[in-house]
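# Descriptive analysis of the structure
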Amino acid sequence: MMMDPQQQQQSPDQQNVMPQPPQTVTVKDHLYLSDMLSWNLNAAKKSAFFAKQCSDMDVKKELEKTAHMHERHYQQLLPHLQSGTQPIQPNTN
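The present account deals with the structure reproduced in this document. A quick note: this is a predicted structure, and the numbers were derived from the prediction, not measured.

## Let's talk about the overall build of the protein chain
The helix and strand inventory of the protein chain stands at three helices and zero strands. Tracing the protein chain from N to C terminus, the helices and strands come up as α-α-α. In the protein chain, which comprises 93 residues, the proportion classed as buried is 14%. Intrachain contacts of the protein chain at a sequence separation of at least 6 include 68% that bridge at least 24 residues. When the accessible surface of the protein chain is split by element, carbon and sulfur atoms take 54% of a total near 8,300 Å².

Below, the structure written as structure tokens:
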């Protein structure tokens, strides 16, 4: 049975939008959050390091702002992994 092409396409208004994050975190979500933490920590450290090495005050200021931004993102992500809940395995049955 073929589906009508109009039924297959969803408009942006018809897509499901989550008003808030789900209560459970899948293993895949947990791994991605861990990666994001690592990326932000690495970027914060590199930006702070280069800010200390920089003699141009305008560039130094921007690197410091960048380091603080990545630190802030790191701090925003951290609670999602520290919630005390273990990631759930998807049901494979």
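## Observations concerning the pattern of salt bridges
One pass over the structure, following the stated rule, counts one salt bridge. Among the ionic pairs, Lys65 bridges to Glu62, the shortest N-O distance being 3.4 Å. Note that Lys65 and Glu62 are positioned in helix α3 (residues 57-81) at a spacing of three residues, about one turn of the helix. For Lys65, a relative accessible area of 46% translates into the label partly exposed.

## Examining the packing of helix α2 (residues 27-53) against α3
Put simply, α2 and α3 touch, their axes get as near as 8 Å, and they point 155° apart. When the axis of α2 is compared with that of α3, the two are roughly antiparallel. Here α2 runs over α3; the crossing is left-handed.

Conventions and cut-offs
- Residues numbered from 1 in each chain as written.
- Predicted model: local features only at pLDDT ≥ 70, side-chain atom pairs only at ≥ 80, totals over all residues.
- Heavy atoms only, no water.
- Helix = DSSP H or I, 4+ residues; strand = E, 2+ residues; numbered from the N terminus.
- Buried < 20%, exposed > 50% of the residue type's maximum accessible area, 1.4 Å probe, protein only.
- Contact = heavy atoms within 4.5 Å.
- Areas by Shrake-Rupley, 256 points an atom, 1.4 Å probe, with all protein chains shown as cover.
- Salt bridge = Lys/Arg side-chain N within 4 Å of Asp/Glu carboxyl O.
- Axes fitted to C-alpha atoms, helices over the stretch in contact; angles between N-to-C directions.
- Parallel < 35°, antiparallel > 145°, perpendicular 65-115°, else oblique.
- Left-handed = near helix turned anticlockwise from the far one by under 90°.

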